[in-house]
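A look at the structure
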Amino acid sequence: MRFPGHGHRHPDDVVIGPLDLSAHVDEALAVQALAFGLGADEVAVRRQIVLRHMTYPGARALGATSAGRLVGFVYGMPNNRTHWWSTVVEPYLRARDHDDWLDHSFVITELHVHPHYQNRGAGRSLITTITDAATEPRSILSAIDTDSPARGLYRSLGYEDLARQVLFPSAPKPYAVMGAPLPLRRR
């Protein structure tokens, strides 16, 4: 991984840097569609959600590029209990006495890497870089509640399950809500 202005470039380097997600929403959603298996209808719905999220206070995004092409992205924001995601997960967290995690947390809203670039450190660099800039003392996120490479990555960074079998309207699979103190654990 490289950051702009650091070291020598190679053609297949992945560079992590700021991303104007509103201007590059279609490129980002193309990556998400490949990484997450989304159809055109789901992408159209998510496009509106992403554009709305990027208007929220403190929302920010990073991109991973290779040869000038977007190959991964992450975005998040300070959590707000009035946001839709929080209203869905709050009863699950409350049932486990973890609803305090909805306060003073930076939520990772989306993190996706093109399948060809997965398992090469791009996801780790994206999430650690965006949370390193957070002023909140902890981070929360949701991930499909299966034993997956994504959940393995999150655990390696210090995220722990706060609630499992969380059901989102229209989502076919249950999710886990995970939380970690910041800064995230390094290897």
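These lines cover the structure that appears in this document, whether it is placed above or below.

A few words now on the overall build of the chain. Assigned secondary structure in the chain consists of five helices and seven strands. Its helices and strands in sequence order give the chain the pattern β-α-α-β-β-α-β-α-β-α-β-β, from N to C terminus. If one aligns the C-alpha atoms of the chain with their principal axes, the spans along those axes are about 50 × 35 × 35 Å. Burial analysis of the chain (187 residues in total) assigns 48% to the buried set.

Here leucine 51 lies in helix α2 (residues 40-53). For the pair leucine 51 and leucine 21, spaced 30 residues apart in the sequence, the C-alpha separation amounts to 8.0 Å.

Position of glutamate 90 among the secondary structure elements: in helix α3 (residues 84-95). Among the residues examined, glutamate 90 registers a relative accessible area of 17% and is labelled buried. With residues near it in sequence (within four places) discarded, glutamate 90 still touches Arg81, Asp99 and Leu102.

On to the pattern of salt bridges, then. On inspection of all chains with the given rule, the structure shows 12 salt bridges. Salt bridges linked by common partners bring Asp145, Arg151, Asp161 and Arg164 together as one network.

For the rest of this paragraph, the subject is the environment of leucine 111. Mapped onto the elements of the fold, leucine 111 is located in strand β4 (residues 105-113). Classification of leucine 111 by relative accessible area gives buried; the value is 13%. When the C-alpha positions of leucine 111 and isoleucine 127 are compared, they lie 7.5 Å apart, and in sequence the two are 16 residues distant. The contact partners of leucine 111, leaving out residues within four places of it in the chain, are Phe73, Val74, Gly123, Leu126, Ile127, Leu153 and Tyr154.

Criteria and thresholds
- Residues numbered from 1 in each chain as written.
- Predicted model: local features only at pLDDT ≥ 70, side-chain atom pairs only at ≥ 80, totals over all residues.
- Heavy atoms only, no water.
- Helix = DSSP H or I, 4+ residues; strand = E, 2+ residues; numbered from the N terminus.
- Buried < 20%, exposed > 50% of the residue type's maximum accessible area, 1.4 Å probe, protein only.
- Contact = heavy atoms within 4.5 Å.
- Salt bridge = Lys/Arg side-chain N within 4 Å of Asp/Glu carboxyl O.

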